[in-house]
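# Summary of the model geometry
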Amino acid sequence: MRRVSILGATGSIGQNTVDLIARDPQAYDVVALTGGANIARLAEDARRLRADLAVTADPGRLQDLRDALEGSGVEAAAGPAALVEAASRPADWVMSAIVGAAGLAPGLAALEQGATLALANKESLVCAGALVRQAAARTGARILPVDSEHSAVFQALVGEDVAAIERIVITASGGAFRDWPIAALTSATPEQASSHPNWDMGQRITIDSASMFNKALELIETHELFGIDPGRVEVVVHPESIVHALVGFTDGALMAHLGAPDMRHAIGYALHWPDRRVLPVPRLDLTQVAQLNFRAPDDTRYPALRLARAVMARGGLSGAVFNGAKERALDHFIARRIGFLDMAGVVETVLERFESKAGLIDAPMTLDNVTRTDHLARDWADAAVTRRAG
Ligand code: NAD
Ligand code: MG
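Residues numbered from 1 in each chain as written. Chains lettered and ligands numbered in written order. Predicted model: local features only at pLDDT ≥ 70, side-chain atom pairs only at ≥ 80, totals over all residues.

Let us now look at the overall build of the protein chain. In terms of regular secondary structure, the protein chain is built from 17 helices and eleven strands. Rg of the C-alpha trace for the protein chain: 20 Å, near the compact-globule value of 21 Å for 390 residues, within the 12% margin. Structurally, the protein chain occupies a C-alpha span of about 55 × 55 × 40 Å along its principal axes. Per-residue burial over the protein chain gives 49% buried out of 390 residues. Long-range pairs, those at least 24 residues apart, make up 68% of the contacts in the protein chain with a sequence separation of at least 6. (Helix = DSSP H or I, 4+ residues; strand = E, 2+ residues; numbered from the N terminus. Rg over C-alpha atoms; globule rule 2.2 N^0.38 Å. Buried ≥ 20, exposed ≤ 12 C-beta atoms within 10 Å, placed from the backbone. Contact = placed C-beta atoms within 7 Å.)

If you want it as C-alpha cells, here you go:
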C-alpha cells in the first residue's frame with residue numbers, strides 16, 4: 001500500500017485527488033488530510049479514506065473538527081504548525097494543493113521527509129523556487145507537476161534530452177473576459193470573474209485566470225520547474241483549452257499535449273507516475289472539437305504577464321513580493337475595494353516600493369526571509385489600496 005497525504009484536501013484539486021484515491025481504497029494508506037473552514041467535508045473524507053490524521057488550518061475550529069471526528073479514530077489537529085507536522089509524517093506521495101503562499105512551508109516539509117511531491121501549489125515555486133529545489137535535492141525527493149500545462153510539458157519531455165529544448169509554449173484560455181472590450185473591464189465584478197469558460201476550479205485561480213495572473217505565475221513556474229531561460233517560455237491564448245502546452249525542440253519539432261479540461265488527468269498522471277493507468281476523464285473526439293484557435297496575448301489587456309517577465313529578470317525575492325501583493329490585491333478585488341484592472345496596478349506599486357529599498361529583494365532566500373517578504377508585500381498592498389481609495 002502506498003502512504004499518501006493530501007494538503008488542501010477540501011479544495012478543488014484536493015477533492016479531485018480524493019476522488020481518484022477513493023476509487024481504489026485497497027491501494028492506499030491515507031496518512032493525513034488537511035483543509036480549512038469546511039470541517040464537515042474534511043471529517044467526512046478523513047472517515048471515508050480512514051486517514052490517520054485530519055488538520056484544519058484554522059486553530060479556532062479544532063473543537064469542531066474533534067466533534068466531527070468523534071468515534072472515528074482519526075486524530076484531529078489545527079493551525080499552521082499542525083499543517084507542517086502533518087506534511088512531515090512519513091508518506092510516499094504528498095499532494096500539495098493548498099492555495100497561496102500558505103502552501104510553501106507544508107510543501108517544503110513534505111520534501112524534507114523525502115516524499116514525492118505532487119505540486120499543484122504553484123505559488124511555492126513563485127515565492128521560493130530555489131528553496132523548493134534545494135529541499136528536493138537534499139533528500140532526493142521528486143517533484144511532479146500537477147498544473148495542467150506543466151504536467152503536459154513534463155509528459156512531452158519523457159525520454160527527451162533537456163538540452164534539446166528550444167522553447168516551451170504554455171496555453172491560456174484567456175479567462176472569463178477574453179472577449180470583453182477593455183473599457184468594460186473597469187467595472188467587472190468578482191462574480192463575473194469567477195466563472196471560467198472551460199475549467200471548473202477554485203474561486204481564486206478562476207479570477208486569476210481572468211486577469212492572467214494565473215498565467216503570470218505559471219510563466220515563473222515553468223522557468224523554475226524546468227530550469228529554462230525566461231526568454232524561451234511563451235504564452236499563447238487558446239480559447240478551447242484542449243492543447244495544454246507544447247515543447248519545441250532544436251530540430252524544429254513541436255510536441256503538443258492535448259486533452260479534455262479535467263484536472264484528474266494531471267493529478268492521476270502524478271499519482272501513477274511513471275506508469276500510465278486508466279483514468280476517469282472524458283476522451284476527446286477531434287471531429288467534435290473541429291477547430292483549435294491560437295492568438296498572441298494582448299499586453300494591455302493582461303499587464304500581469306509583463307510583470308511576471310520583470311520578476312523573472314529581477315530574481316531574488318521578487319517572486320515572493322509579486323505573489324504576496326497579488327494575493328492581497330485579489331482579496332481586495334473580491335471584497336470590492338478595488339476594481340478588476342486595479343489589481344495589476346497595486347502589484348506594480350508594491351514591486352516598485354520594494355525596489356526603492358536597498359537590499360530587500362536581494363536578501364538571502366531562506367524560509368524566514370520569504371515569509372517576512374510575503375507579509376511585507378501584503379502590508380504594502382493594503383497601503384496601496386488605501387491610498388487609491390483616499
Ligand atoms: P481551492 O480554493 O479550491 O482549495 C484550496 C485548499 O487550500 C482548501 O483545502 C482550503 O481549505 C485550503 N486552504 C486555503 N487557505 C489555506 C491556508 N491559509 N492554510 C492552509 N490551507 C488553506 O483551491 P484550488 O483551486 O484547489 O487550488 C489549489 C492549488 O492548486 C492552488 O495553488 C492553485 O493555483 C493550484 N491549481 C489549481 C487548479 C484547479 O483546477 N483548481 C489547476 C491548477 C493549479
Ligand atoms: Mg494551469
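With that settled, the discussion passes to the sheet that holds strand 7 (residues 143-145). The strand order across the open sheet built from seven strands is 4-3-2-1-5-6-7, with neighbouring strands paired in parallel fashion. Strand pairing shows two members of the sheet lacking a second neighbour, strand 4 (75-78) and strand 7, which therefore form its edges. The sheet shows a mean angle of 20° between the axes of neighbouring strands, direction not considered. Alignment of strand 1 (residues 2-7) against strand 5 (residues 93-96), held across four bridges, turns out to be parallel. Considered in strand 5, the bridge of L7 is made with S96. Against the sheet, helix 1 (residues 12-22) touches strand 1, strand 2 (28-35) and strand 5, its axis set at about 155° to strand 1. (Pairing = 2+ DSSP bridges. Axes fitted to C-alpha atoms, helices over the stretch in contact; angles between N-to-C directions.)

This next bit is on the UniProt feature "domain: 1-deoxy-D-xylulose 5-phosphate reductoisomerase N-terminal" (unreviewed entry) in the protein chain. Here, the residues flagged by UniProt with the feature "domain: 1-deoxy-D-xylulose 5-phosphate reductoisomerase N-terminal" (unreviewed entry) are residues 4-129. Note that residues 4-129 is 44% helix and 22% strand, and that its end C-alpha atoms are spaced 24 Å apart. (UniProt positions renumbered as here; feature names shortened; annotations may be inferred.)

Glancing now at the packing of helix 7 (residues 148-156) against helix 12 (residues 264-272). The geometry of helix 7 relative to helix 12 is characterised by a closest axis approach of 9 Å and an angle of 50° between their N-to-C directions. Here helix 12 runs oblique to helix 7, going by the angle between their axes. As for how helix 7 packs across helix 12, the hand of that crossing is left-handed. Residues S148, S151 and Q155 of helix 7 pack against A266, Y269 and A270 of helix 12. (Parallel < 35°, antiparallel > 145°, perpendicular 65-115°, else oblique. Left-handed = near helix turned anticlockwise from the far one by under 90°.)

As annotated in UniProt, the feature "domain: DXP reductoisomerase C-terminal" (unreviewed entry) corresponds to residues 258-379 in the numbering used here. Its end C-alpha atoms 41 Å apart, residues 258-379 is made of 57% helix and 1% strand.

Let's shift gears to the packing of helix 11 (residues 213-226) against helix 14 (residues 303-314). Following both chains from N to C, one finds helix 11 and helix 14 inclined at 25°, their axes separated by 8 Å at the closest point. Judged by the angle between their axes, helix 11 and helix 14 are roughly parallel. When the axes of helix 11 and helix 14 are compared, the crossing they make is right-handed. Contacts between helix 11 and helix 14 involve F213, K215, A216, L219, I220 and H223 from the former and A304, L305, L307, A308, V311 and M312 from the latter.

A separate point is the nonpolar core. Residues A54, A118, A325 and V350 are the most contacted members of the largest nonpolar core, which totals 126 residues. Among the elements that make up this core, the one with the highest residue count is helix 6 (residues 122-139) (eight residues). The contact partners of V350, leaving out residues within four places of it in the chain, are V321, A325, A377, W380, A381 and A384. (Core = buried A, V, L, I, M, F, W, Y, C linked by C-beta atoms within 7 Å.)

Segmentation of the protein chain into domains returns domain 1 (2-145), domain 2 (150-262 + 283-289) and domain 3 (315-389). Computed from C-alpha atoms alone, the centre-to-centre distance between domain 1 and domain 2 is 26 Å. With nine residues of domain 1 in contact, the opposing surface of domain 2 contributes twelve residues. No other element matches helix 6, which puts five residues into the side of domain 1 that touches domain 2. In terms of residue class, the side of domain 1 that touches domain 2 is made up of four nonpolar, three polar and two charged. (Domains from an automatic or database assignment. Nonpolar A, V, L, I, M, F, W, Y, C, P; charged D, E, K, R; others polar.)

Inspection of the region around ligand 1 gives 26 residues, with G11, G36, A57, M201 and G202 positioned closest. Of all elements in the fold, only helix 1, helix 6 and helix 10 (203-211) reach the threshold of two or more residues within the shell around ligand 1. Broken down by element, the shell around ligand 1 gets its largest block of residues, three residues, from helix 1. When its residues are assigned to classes, the shell around ligand 1 shows 13 nonpolar, nine polar and four charged. Each of two domains, domain 1 (2-145) and domain 2 (150-262 + 283-289), supplies a minimum of three residues to the shell around ligand 1. (Near = placed C-beta within 6 Å.)

Moving on: the pairing of strand 3 (residues 53-56). Residues L53 and V55 of strand 3 are buried on one face, and the alternating residues A54 and T56, pointing to the opposite face, are buried as well. Where strand 2 and strand 3 come together, four bridges link them in parallel fashion. Its bridge partner being in strand 3, L33 is matched across the sheet by A54. Remark: the strand 2/helix 2 (residues 39-48)/strand 3 crossover connection has right-handed handedness. (Right-handed = clockwise from strand over helix to strand, strands pointing away.)

To continue, consider the pairing of strand 1. Sheet analysis places strand 1 next to strand 2, joined by four bridges and oriented parallel. The partner of R2 across the bridge, within strand 2, is Y28. For the crossover from strand 1 across helix 1 to strand 2, the handedness is right-handed.

Right, let's talk about the sheet that holds strand 10 (residues 243-249) for a bit. As a general point, the strands of a sheet are linked pairwise by backbone hydrogen bonds and lie either parallel or antiparallel. A sheet is described by the order of its strands in space; here four strands give the open sequence 9-8-10-11, paired in mixed fashion. In the strand order of this sheet, the two ends are held by strand 9 (233-237) and strand 11 (254-258), each with one partner. Pairwise comparison of adjacent strand axes, ignoring direction, gives a mean angle of 20° for this sheet. Across five bridges, the pairing between strand 8 (residues 165-172) and strand 9 is parallel. Each residue of the ladder has a partner; that of I170, found in strand 9, is V235. Of the strands in this sheet, strand 8, strand 10 and strand 11 touch helix 7, which is tilted by about 40° from strand 10.

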